Amino acid sequence: MRISALTVLNPYPLLDDKPGQHQSRTLQLQPVRIARDEHPVSRAQISKNALTVLYGLKKAGYQACLVGGGVRDLLVDIKPKDFDIATDALPEEVRKVFRNCRLIGRRFRLAHVHFGREIIEVATYRAAHDKAETSDQASTKDAQIVRDNVFGNRDEDALRRDFSINALYYDITDFSIIDYFGGFEDIAKRQLRMIGTPDQRYREDPVRLLRAVRLAAKLDFSIEKATAEPISQLGPLLDNVPRARLFEEMLKLFQSGHAQRSYEMLQQYDLTQHLLLWPVEVNPVDQNLVELALQDSDQRLRDGKKIAPFFTLAALLWPVRQSIVRQEMANHDDIHALHSLASHRAIADQNHLLAIPKRIAQPIQEVWNLQDRFERRVGKKPVKLLHHPRFRGAYDFLLLRARARQNSDQNDNQDLTELAQWWTDFQHTDETHRDTMTRPKSSHSKPRRRRTRRPAKPE
Ligand code: ATP
Ligand code: MG
């Protein structure tokens, strides 16, 4: 059933707009209400606490809808990560309804309703632009939105969302779903379609380029033609996105259980170069290592295990680090010094693209730098390494390096495979056998001090 057409100011130009004209035009929004018996979303699938908030707001006389990823994921039969609620109540008003509510955010105030460990986020409907100002003042010359903090009504809230499937509102008054832009049909077609003119919407907020890839990978959806078309070309806009926000988005891309598919799509749309400082030609073994790490992390999540962001990033940034090793090899005699310099520089250089917090940068460097220490297998050093707090991550990384080589055409992988096997055995054997394993080969000689070697051929 179609509900009455609504007229709101359309902040997005339509394809036939002439420059500067679109702001004076209005857009007929014709949301469709999909009745409870015409869609599969049931209250049993929604968290009890989210329902409490929805009913609480309704009882206090406000509109309350479940919106965004929560509704979308239920419609594609994925368990939602969280349930976001949109309302016409102002943040202060939400706080008055719930005792267990805190307001957060300075740029845009949100209400967090706390239920033990679960937090239900309630956002007041937002408009796309500051109504008090012209859209020129509200955005930079690159058309990026810099102000996003104006309350609006539900229609305006729907217009500022990115994809049609993210603008579906589950209304608690009658359990219907309000569909503003044909999201319901797009779910059936399994496609991601941008609301408005894709080119302009990407320019307003280039993070949407990454969201398109991430959501298509997560949902296993295609990207509709017009939505996909500008992505490769607009990639350079990501260079202007704040580095901290890019880092957050990057984590979502690679920690979500769909890392492998996300990576393939980033490559397909030429976006990898805007996130990772990889050399133009990535060494095939390094590339292998990245792909194996992403497959592993998806598998771990499928098995209900945890993954550490530093480990995935250590793999993703390995090509950056190794390319510095290769570049600098001729200038350094001491291979350990070279490796530690390359680790340090890889992080520092990469930081120009993504703000990697110290708590993640540090373990990445440790994992890389510990790789050399696996080669010392004589005397007390191996047992000491076993007790290093970062041993586990570094050992897993060694296994990954060995597998990456095995899968490659390079047939000199014997050393690394043997080394990895030695460390596997060393961990699982008893103390007496460990002694035997770390005894110098010739029983007369003491463990020799390592001489500084000239750098070996890098992998
Ligand atoms: P998931 O939770 O699976 O990562 P999501 O779509 O819920 O995906 P969130 O970041 O939680 O992603 O955003 C919630 C909703 O807010 C989205 O569904 C979308 O409607 C809107 N949204 C988020 N980011 C943007 C953006 N950059 N531009 C426009 N709308 C956005
Ligand atoms: Mg979400």
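Above this text sits the structure in question.
Everything quoted here is computed from the prediction, not taken from an experiment.

Student: Looking at this structure, how should I read the site of ligand 1?
Tutor: Close to ligand 1 lie 17 residues; Arg72, Asp205, Arg208, Arg214 and Lys218 are nearest. Here an oxygen atom of ligand 1 and a backbone polar atom of Gly69 are 3.2 Å apart. At a separation of 3.3 Å, a nitrogen atom of ligand 1 approaches a polar backbone atom of Asp162. Protein chains shield 85% of the accessible area of ligand 1, which is 590 Å² for the free molecule. For the shell around ligand 1, a count of residues per class yields one nonpolar, three polar and 13 charged.

Student: Explanation requested: the packing of helix α13 (residues 284-302) against helix α19 (residues 391-406) in the structure shown.
Tutor: Between two packed helices, what matters for the description is the angle formed by their axes and the separation of those axes. Contact geometry for α13 and α19: axes closest at 8 Å, N-to-C directions at 120°. Comparing the axis directions of α13 and α19 gives the class oblique. As α13 runs across α19, the sense of the crossing is right-handed. In this structure, α13 contributes Val285, Asn288, Leu289, Leu292, Ala293 and Asp296 to the contact, and α19 contributes Phe397, Leu400, Arg401, Arg403, Ala404 and Arg405. Broken down by class, the residue content of the contact of α13 with α19 amounts to seven nonpolar, one polar and four charged.

Student: I would appreciate a short explanation of the sheet that holds strand β4 (residues 64-67) in the present structure.
Tutor: Hydrogen bonds along the backbone pair up the strands of a sheet, which may run parallel or antiparallel. Spatially, eight strands are ordered β3-β12-β11-β4-β5-β8-β7-β6 in an open sheet, and the strand pairing comes out mixed. Only two strands of the sheet have a single partner each, and these edge strands are β3 (32-34) and β6 (101-104). Put simply, the sheet's adjacent strands are angled 30° from each other on average, direction ignored. In this sheet, strand β12 (residues 176-179) lies alongside β3 in antiparallel orientation, the contact comprising three bridges. Across the sheet, Arg33 pairs through a bridge with Ile178, a residue of β12. Strand contacts of helix α1 (residues 48-59): β4, β5 (84-87), β7 (110-115) and β8 (118-124), with the helix running at about 35° to β8, the strand carrying the most contacts.

Student: Sorry, what's going on with the pattern of salt bridges here?
Tutor: Pairing between side chains of opposite charge can happen when the charged atoms of each approach one another. As enumerated under the stated definition, the model contains 24 salt bridges in all. Where Glu92 meets Arg95, a salt bridge forms, and the shortest distance between an N and an O atom there is 3.0 Å. Placement of the pair is Glu92 and Arg95 together in helix α3 (residues 91-97), with a separation of three residues, close to one helical turn.

About the thresholds
- Residues numbered from 1 in each chain as written.
- Chains lettered and ligands numbered in written order.
- Predicted model: local features only at pLDDT ≥ 70, side-chain atom pairs only at ≥ 80, totals over all residues.
- Heavy atoms only, no water.
- Near = heavy atom within 4 Å.
- Polar contact = N/O pair within 3.5 Å; in protein donor to acceptor, adjacent residues only side chain to side chain.
- Areas by Shrake-Rupley, 256 points an atom, 1.4 Å probe, with all protein chains shown as cover.
- Nonpolar A, V, L, I, M, F, W, Y, C, P; charged D, E, K, R; others polar.
- Axes fitted to C-alpha atoms, helices over the stretch in contact; angles between N-to-C directions.
- Helix = DSSP H or I, 4+ residues; strand = E, 2+ residues; numbered from the N terminus.
- Parallel < 35°, antiparallel > 145°, perpendicular 65-115°, else oblique.
- Left-handed = near helix turned anticlockwise from the far one by under 90°.
- Contact = heavy atoms within 4.5 Å.
- Pairing = 2+ DSSP bridges.
- Salt bridge = Lys/Arg side-chain N within 4 Å of Asp/Glu carboxyl O.

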